[in-house]
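One-letter residues, chain by chain:
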Amino acid sequence: MNQKYKNLLSPAKIGSVELKNRTVMAAMGMSQSDNGFVNKAVLNHYSERAKGGVGAVIVEVTCVDSPLGLNTNGMLIIDDDKYIPGMTELAGVIHEGGAKAFLQISHTGRGARRKIIGAQPVGPSAVAMPYSFMMGLENETPRALEIDEIKAIEEKYAQAALRAKKAGFDGVEIHCVGYYLGQQFLSSTANIRTDEYGGSRENRMRFHLNIVKRIRELCGKDFAIIIKLSVVEQGKDGGITIPDGIYFCKRFQQEGVDAIEILAGKWSGEAGKNEKPESAYPDCMAVPLSQIMKLGVFLETGKKKTIPYIAGGRAQNPEAAEKALASGKCDFIFLGHALLVQPDLVNLIAEGREDEIRPCIGCGHCIDQQLQHGGRAICSGNAVLARGDNDYSIKPAEKKKHVVVIGAGVAGVEAARIAAIRGHEVDIYDEANEIGGQMNLACKPPFKQHLGLLKPYLERQLDLTGVNVHLGKRITKQDILVMNPDAVVCATGVIPSVLKMDGADRAINANDVLSGCKTGKNVVVIGGGSIGCETAELLCKQGKKVAIIELMETLAGNTGKTAQTILVGHLKHRGVNILTNCRVEKITPDEVYYRNKDGILDSVKADSIVTAIGNRPKTELFDSLKGEIDEIYNIGDSNGGGIIPNAVYDGYTVGNKI
């Protein structure tokens with residue numbers, strides 16, 4: 001065991017269930033079931049994380065009442081005995097991997113969408129779910145549940161827990177966070193009932209206490225119960241206050257719950273000026289809330305809490321996690337996206353191989369892909385995640401080849417890494433003096449610091465896998481023909497598109513600004529995609545007066561919904577002059593003229609002009625080699641990759657194909 005993390009790696013109990021260490025995989029929806037049934041993709045996904053060293057696996061949100069309680073079409077279901085065989089297999093592979101198995105049980109309530117459930121959603125009260133920029137959803141007003149319906153749902157939760165026990169799970173987690181029914185009952189804004197299920201704190205948690213009591217009756221005291229709890233809900237009019245959260249923690253402890261996973265909730269249609277995207281979240285961000293709950297329970301009861309608190313939130317930094325445990329602020333660390341991108345994270349920590357941990361960059365595509373696009377979760381660092389059957393095996397090459405990769409951006413490095421792991425001799429070239437490609441500029445705007453963590457990981461992987469790295473050298477067709485490689489991978493990136501009109505010679509590209517090029521005081525950014533908007537925010541932080549002219553109606557439309565909303569919110573708060581549905585007509589020495597959607601010509605003052613009008617794939621080398629090299633591939637941005645998950649998937653796929 002790595003002695004640097006003796007608390008993190010030491011055994012501990014949740015109820016009567018002993019975990020080999022203090023790490024818990026948080027439940028995260030993957031949306032990859034077959035009509036609610038466990039399939040090979042689900043089994044492989046959780047098996048890989050269990051084998052990766054985590055102490056306990058909490059299986060993703062699972063519906064207790066379909067179709068009314070469904071979240072996505074790919075959500076797991078456990079409202080009928082027919083799901084027990086698959087769940088038995090799932091609990092089995094988790095145990096075989098060395099982890100304890102918990103099942104998160106839930107009902108989506110007013111967060112459900114009619115197109116998924118085929119009916120009007122239900123909730124504690126007829127109060128529509130407020131717009132949440134995390135999900136980009138504003139649901140219809142739900143139908144308020146009758147008391148007999150509430151009691152029927154309580155029983156569905158309990159029966160779901162009993163099925164989980166029959167399937168071999170060590171316990172369940174009751175979901176009381178986010179837009180799910182558990183939080184809706186606890187929130188004073190979602191729950192405005194005046195009967196026994198509404199009003200006071202005690203009444204608002206009656207639903208949960210009844211479920212806990214019934215699970216105990218059916219499953220016994222040795223079957224662990226965890227509550228995943230929003231201890232504060234920040235909404236326009238409140239919802240769950242810190243005192244509410246303390247009261248809920250105290251009462252759940254009194255009613256025999258075995259552990260509480262501490263989180264916060266938020267409902268807002270527009271990001272505040274201090275809102276941070278996930279790409280800038282601090283390490284272990286939920287740990288201070290755990291400390292507050294711990295102190296609050298002590299002040300209310302005069303006694304220390306007696307059940308463990310599970311906290312985390314960007315906890316893949318083992319030093320931060322160890323510090324949180326050593327200080328007593330929490331008792332277990334939950335790991336979420338960190339385990340999506342690096343399934344064997346805990347093993348790497350235990351073995352002292354922290355420098356091999358692939359960081360989560362906080363892009364949010366895992367959430368966005370499900371809730372915005374109705375698909376499975378994907379990952380910017382893990383090409384296997386929720387793709388096909390989640391098969392993590394990398395097979396040795398049948399024949400060793402000499403592979404040349406041109407371009408050491410994200411796609412090229414991934415292709416080189418996988419090809420080398422399979423046994424090929426790999427040389428990677430880049431005309432820049434550093435690896436990383438577009439990533440080196442993408443991490444320059446405000447709130448993108450986690451993206452910068454990726455480069456050291458990629459450098460370490462090239463070193464570990466024995467890839468021969470050649471930087472500062474531009475490779476031509478003739479160079480490659482002289483090398484006579486068996487396979488060539490072109491990952492040559494993009495070339496910024498050029499604005500073609502009178503006066504365009506005044507403009508500089510956004511990449512130049514991100515590289516440190518100075519501008520005047522009044523800056524017009526032409527192009528409102530993610531690069532244009534992020535560059536505009538950087539200019540604002542430099543004290544510049546900024547305008548954005550964008551042809552489309554939406555800004556940063558190629559960004560994940562949460563990151564997009566926060567970015568646009570920042571621009572509005574910083575006073576950026578946002579001109580959408582506008583076409584640039586001409587550029588003069590002092591102004592940029594544009595025509596709005598009504599055809600009216602107007603202008604904005606400009607000391608400097610920055611263009612961010614997109615890129616074109618750089619395919620010249622690939623095109624010249626076609627027909628000259630038998631095995632040649634074009635991947636990443638030079639193949640229209642667009643976003644990091646696509647680039648990584650391209651590289652991984654080609655690396656396995658060669």
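Quick note: structure is the one above.
So, how was this worked out
Residues numbered from 1 in each chain as written. Predicted model: local features only at pLDDT ≥ 70, side-chain atom pairs only at ≥ 80, totals over all residues. Heavy atoms only, no water. Buried < 20%, exposed > 50% of the residue type's maximum accessible area, 1.4 Å probe, protein only. Helix = DSSP H or I, 4+ residues; strand = E, 2+ residues; numbered from the N terminus. Pairing = 2+ DSSP bridges. Axes fitted to C-alpha atoms, helices over the stretch in contact; angles between N-to-C directions. Parallel < 35°, antiparallel > 145°, perpendicular 65-115°, else oblique. Left-handed = near helix turned anticlockwise from the far one by under 90°. Contact = heavy atoms within 4.5 Å. Right-handed = clockwise from strand over helix to strand, strands pointing away. Polar contact = N/O pair within 3.5 Å; in protein donor to acceptor, adjacent residues only side chain to side chain. Core = buried A, V, L, I, M, F, W, Y, C linked by side-chain atoms within 4.5 Å. Salt bridge = Lys/Arg side-chain N within 4 Å of Asp/Glu carboxyl O.

Draft legend 1. Spotlight on the pairing of strand β10 (residues 224-234). With 10 of 11 residues buried, β10 is to be regarded as a mostly interior element. Of the pairings in the sheet, the one linking strand β9 (residues 171-176) to β10 comprises six bridges and is parallel in character. Following the sheet pairing, Val 172 is matched in β10 by Ile 225.

Draft legend 2. How the structure looks around the packing of helix α14 (residues 410-421) against helix α16 (residues 454-464). Where α14 contacts α16, the two axes come as close as 10 Å, and the packing angle between them is 30°. In terms of axis orientation, α14 runs roughly parallel to α16. Both α14 and α16 take part in a crossing whose hand is left-handed. In this structure, α14 uses Val 410, Val 413, Ala 416 and Arg 417 to contact α16, whose residues at the interface are Leu 454, Tyr 457, Leu 458, Gln 461 and Leu 462.

Draft legend 3. Quick peek at the pairing of strand β15 (residues 425-430). The buried count for β15 comes to five of six residues, which makes it a mostly enclosed element. Assessed by its sense of winding, the connection that carries the chain from strand β14 (residues 402-406) through α14 to β15 is right-handed.

Draft legend 4. The sheet that holds strand β21 (residues 545-549), seen in detail. Overall, parallel pairing links the five strands, which are arranged β19-β26-β20-β21-β22 in an open sheet. Looking at which strands have only one partner, the edges of the open sheet turn out to be β19 (507-509) and β22 (577-579). Going across the sheet, the axis of each strand differs from the next one's by a mean of 25°, ignoring polarity. The pairing of strand β20 (residues 522-526) with β21 spans five bridges and is classified as parallel. Considered in β21, the bridge of Ile 526 is made with Ile 549.

Draft legend 5. Looking closely at the side chain of Ser 279. Within the secondary structure, Ser 279 sits in the loop between β11 (259-266) and α9 (287-301). For Ser 279, a relative accessible area of 7% gives the class buried. One polar contact links the side chain of Ser 279 to the main-chain carbonyl oxygen of Phe 447, over a distance of 2.5 Å. Filtering out sequence-adjacent residues up to four positions away, Ser 279 remains in contact with Ile 361, Gly 362, Phe 447, Lys 448, Gln 449 and His 450.

Draft legend 6. Quick look at the nonpolar core. Membership of the largest hydrophobic core comes to 133 residues, with the highest contact counts inside it found for Leu 90, Ile 94, Ile 105, Phe 169, Ile 174, Ile 215 and Leu 229. When neighbours within four sequence positions are excluded, Leu 90 is seen to be in contact with Val 38, Val 42, Leu 43, Tyr 46, Val 59 and Phe 169. Core analysis: the next-biggest nonpolar cluster, separate from the first, contains 21 residues, Leu 441, Val 513, Leu 555 and Ala 612 among them.

Draft legend 7. Representation of the environment of Gly 74. Positionally, Gly 74 belongs in the loop between β4 (56-63) and β5 (76-77). Residues Gly 74 and Glu 300 lie 226 residues apart in sequence; the distance between their C-alpha atoms is 42 Å. Once you skip the residues sitting within four places of it in the chain, Gly 74 turns out to touch Ser 31, Gln 32 and Ser 33.

Draft legend 8. Looking closely at the sheet that holds strand β25 (residues 601-605). Taken in spatial order, the three strands make up an open sheet running β23-β24-β25, and their pairing is antiparallel. Each end of this open sheet is capped by a strand with a single partner; those strands are β23 (583-587) and β25. The sheet shows a mean angle of 30° between the axes of neighbouring strands, taken without regard to direction. Direction of pairing for β23 relative to strand β24 (residues 591-595): antiparallel, over a ladder of four bridges. Residue pairing for β24: Ile 587 is matched across the bridge by Val 592.

Draft legend 9. Layout of the pattern of salt bridges. Under the defined criterion, the tally for this structure stands at 32 salt bridges. One salt bridge in this structure joins Arg 353 and Glu 356, with 2.7 Å as the shortest N-O distance. For Arg 353, a relative accessible area of 31% puts it in the partly exposed group. Here Glu 620 and Arg 616 are joined by a salt bridge, their closest N and O atoms 3.2 Å apart. Judged by its relative accessible area of 39%, Arg 616 falls in the partly exposed class. The structure contains a network of salt bridges with shared partners spanning Glu 155, Arg 214 and Glu 217.

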